[in-house]
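Examination of the molecular architecture
Here is how the chains run, residue by residue.
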Amino acid sequence: MHFGLTEEQDMIVNTVRSFVETELYPLEDQVEKQGFVPPEMGQEIARKVKELGFFGCNMPEDVGGAGLDHLTFTLVERELGRASMALTVFFGRPSGILMGCNDDQRERYLIPATKGEKFDALAMTEPGAGSDVRGMKCFAKKDGDDWVVNGTKHFISHANIADFVIVFIATGEEQTPRGPKKLITCFLVDRGTPGFEIREGYNSVSHRGYQNCILNFDDCRLPSAQILGEVHKGFDLANDWLYGTRLTVAANCVGRARRVFDYCVPYAAERHQFGKPIGANQGVSFKLADMITEIDAADYLTLAGAWRLDQKLPANREIASAKLYASEMLARVTDQAIQIYGGMGLMDDLPLARFWRDARVERIWDGTSEIQRHIISRDLLRPFGA
């Protein structure tokens, strides 16, 4: 693994960072206060991203994307992590799971999503099925060539702006040594399909403006042509997709932590107490040392996971480690930043309190810290038959 970036990667990082700082930072306060992104604002962000040539940059060139490798795309996500997620969602990174589309679906979903003509959302979580994906109750029953779906999904990110949703639904059951387990199938569901409703979700303390939604299915009839992949094989698709999303969370956390850290060093040098800069005291300077050490460690873990994917090496444990460490690192860094700033750190004059609140959800979505530890420990113990 080489630690230096190529000239092209440097250019991409600088371009995305400049876009984030000039186009997104100025909009954050408005979104934070309103709790939503006005449609025209989101459309304008997407338009500017298309002009830059970055919309769908995570997708292969043969479907209209930029064809970035995993490492370079992770660098993009790291820069996007600096800004409000409510705004960066319009940067346009379609779910990689759409590469499983068949020929007809490519024309209806994959290519329009890559070009920015359609937005997608992904739905897996249910009120009674979070970490236990196979415990889902949203069920599709075969009826001729169709499937009739009933049930509910919740915590579905940005479904409010989606033209279609990639939904994981139970379609059967199999017997295993550990008892019966749900068989899961992935469906592509268009907004406006009869029996399918997208409702406003919950008010969240984290990532205000980044909407979560509730999906209701009431005798929703879907033709077999809407199946993504194979019947009962949705769990395999989900596992492949989770690699990318966990790397995204880790990279976002690193980017956000670096933005937080950038507030702290100048302040520690300029803020005086007892006749000297607070950074001259070990109580503050050692905090800075610990913060940058943890940020760099999370950065290297994340980039190493992306590099392993590009090298076609096993990366499940490494990506789980990156997601686990980076999300928990962000919680510590944001907390220490507020401690350095004291009371001002909790005031709306600075974005530190927002970063602190936003950090909390990173240890929950896309696999909780406990699930990541399970993945890591299972990978370590499996060769010994444990």
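Remember, it's a predicted structure, so these values are computed and weren't measured experimentally. (Residues numbered from 1 in each chain as written. Predicted model: local features only at pLDDT ≥ 70, side-chain atom pairs only at ≥ 80, totals over all residues. Heavy atoms only, no water.)

Re the overall build of the chain
- Across its full length, the chain carries 11 helices and 10 strands.
- Dimensions of the chain, computed from C-alpha atoms along their principal axes, come out at roughly 80 × 55 × 40 Å.
- When contacts within the chain are restricted to residue pairs at least 6 apart in sequence, long-range pairs at least 24 apart make up 74% of them.
- Carbon together with sulfur atoms contributes 52% to the accessible area of the chain, which is approximately 18,300 Å² in total. (Helix = DSSP H or I, 4+ residues; strand = E, 2+ residues; numbered from the N terminus. Contact = heavy atoms within 4.5 Å. Areas by Shrake-Rupley, 256 points an atom, 1.4 Å probe, with all protein chains shown as cover.)

Here we look at the packing of aromatic side chains
- Tallied over the entire structure, the rule returns 10 aromatic pairs.
- Between Phe54 and Phe91, the aromatic rings sit 6.1 Å apart at their centres with planes inclined by 50°, giving tilted as the arrangement. Note that Phe54 is positioned in the loop between helix H3 (39-52) and helix H4 (70-80) and Phe91 in the loop between helix H5 (85-88) and helix H6 (103-115), a separation of 37 residues in sequence.
- What makes Phe91 buried here is its relative accessible area of 1%.
- Through pairs of rings, three or more aromatic residues link up here, namely Phe19, Phe54 and Phe91.
- Geometry around Tyr109 places Lys118 over its ring, the cationic atom sitting 5.2 Å from the centre.
- Here Arg259 stacks its cationic end above the ring of Tyr25, 3.7 Å away from the centre of that ring. (Phe/Tyr/Trp six-rings, centres within 6.5 Å; stacked < 30°, edge-to-face > 60°. Buried < 20%, exposed > 50% of the residue type's maximum accessible area, 1.4 Å probe, protein only. Lys NZ or Arg CZ within 6 Å of the ring centre and 35° of its normal.)

Section: the environment of Val284
- Note that Val284 resides in helix H8 (residues 282-310).
- Val284 sits in the buried class, given a relative accessible area of 14%.
- C-alpha separation for the pair Val284 and Glu51, spaced 233 residues apart in sequence, amounts to 44 Å.
- Leaving out residues up to four positions away in the same chain, Val284 has contacts with Ala268, Ile278, Gly279 and Ile340.

Notes on the nonpolar core
- By size, the foremost hydrophobic cluster in this structure holds 29 residues, and its most contacted members are Leu288, Met291, Met329, Val333, Ile340 and Leu352.
- When contributions to this core are tallied by element, the ones reaching two or more residues are helix H7 (234-270), H8, helix H9 (316-341) and helix H10 (352-359).
- Broken down by element, the residue count for this core peaks at 10 residues, all from H7.
- If we ignore the near neighbours within four places in the chain, the residues touching Val333 are Ala257, Val260, Met291 and Ile295. (Core = buried A, V, L, I, M, F, W, Y, C linked by side-chain atoms within 4.5 Å.)

A few points about the UniProt feature "domain: Acyl-CoA dehydrogenase/oxidase N-terminal" (unreviewed entry) in the chain
- Mapped onto the present numbering, the UniProt feature "domain: Acyl-CoA dehydrogenase/oxidase N-terminal" (unreviewed entry) falls at residues 6-117.
- The span residues 6-117 carries 60% helix and 0% strand; its end-to-end C-alpha distance comes to 31 Å. (UniProt positions renumbered as here; feature names shortened; annotations may be inferred.)

Section: the domain arrangement of the chain
- Segmentation of the chain into domains returns domain 1 (7-93), domain 2 (120-232) and domain 3 (243-384).
- Facing the 9 residues of domain 1 at the interface are 7 residues of domain 2.
- For the domain 1 and domain 2 pair, buried surface summed over both sides reaches about 720 Å², with 65% attributable to carbon and sulfur atoms.
- Of all residues in domain 1, the largest losses of buried area upon contact with domain 2 belong to Glu32, Met85 and Val89, amounting jointly to 56% of the total for that side. (Domains from an automatic or database assignment. Buried area = accessible area lost by both parts, 1.4 Å probe.)

So, the side chain of Arg354
- Positionally, Arg354 belongs in helix H10.
- Apart from the residues within four sequence positions on either side, Arg354 is in contact with Glu28, Glu32, Ser84 and Arg259.

Remarks on the pairing of strand E7 (residues 212-223)
- As paired elements, strand E3 (residues 146-157) and E7 share 9 bridges and run antiparallel to each other. What sits directly across from Val148, in E7, is Arg221.
- Alignment of strand E6 (residues 196-200) against E7, held across 5 bridges, turns out to be antiparallel. Across the sheet, the residue bridging to Phe196 is Phe217, located in E7. (Pairing = 2+ DSSP bridges.)

Some remarks on the UniProt feature "domain: Acyl-CoA oxidase/dehydrogenase middle" (unreviewed entry) in the chain
- Mapped onto this numbering, the UniProt entry annotates "domain: Acyl-CoA oxidase/dehydrogenase middle" (unreviewed entry) at residues 121-220.
- The span residues 121-220 shows a helical share of 0% and a strand share of 59%, and its end C-alpha atoms are spaced 18 Å apart.

Notes on unusual backbone geometry
- Although it is not a glycine, Asp219 sits at a positive phi angle of roughly 50°.
- Turning to its location among the elements, Asp219 is positioned in strand E7.
- Positive phi, normally seen in glycine, also occurs at His232, with a value near 70°.
- Its place among the elements puts His232 in the loop between strand E8 (227-228) and H7.

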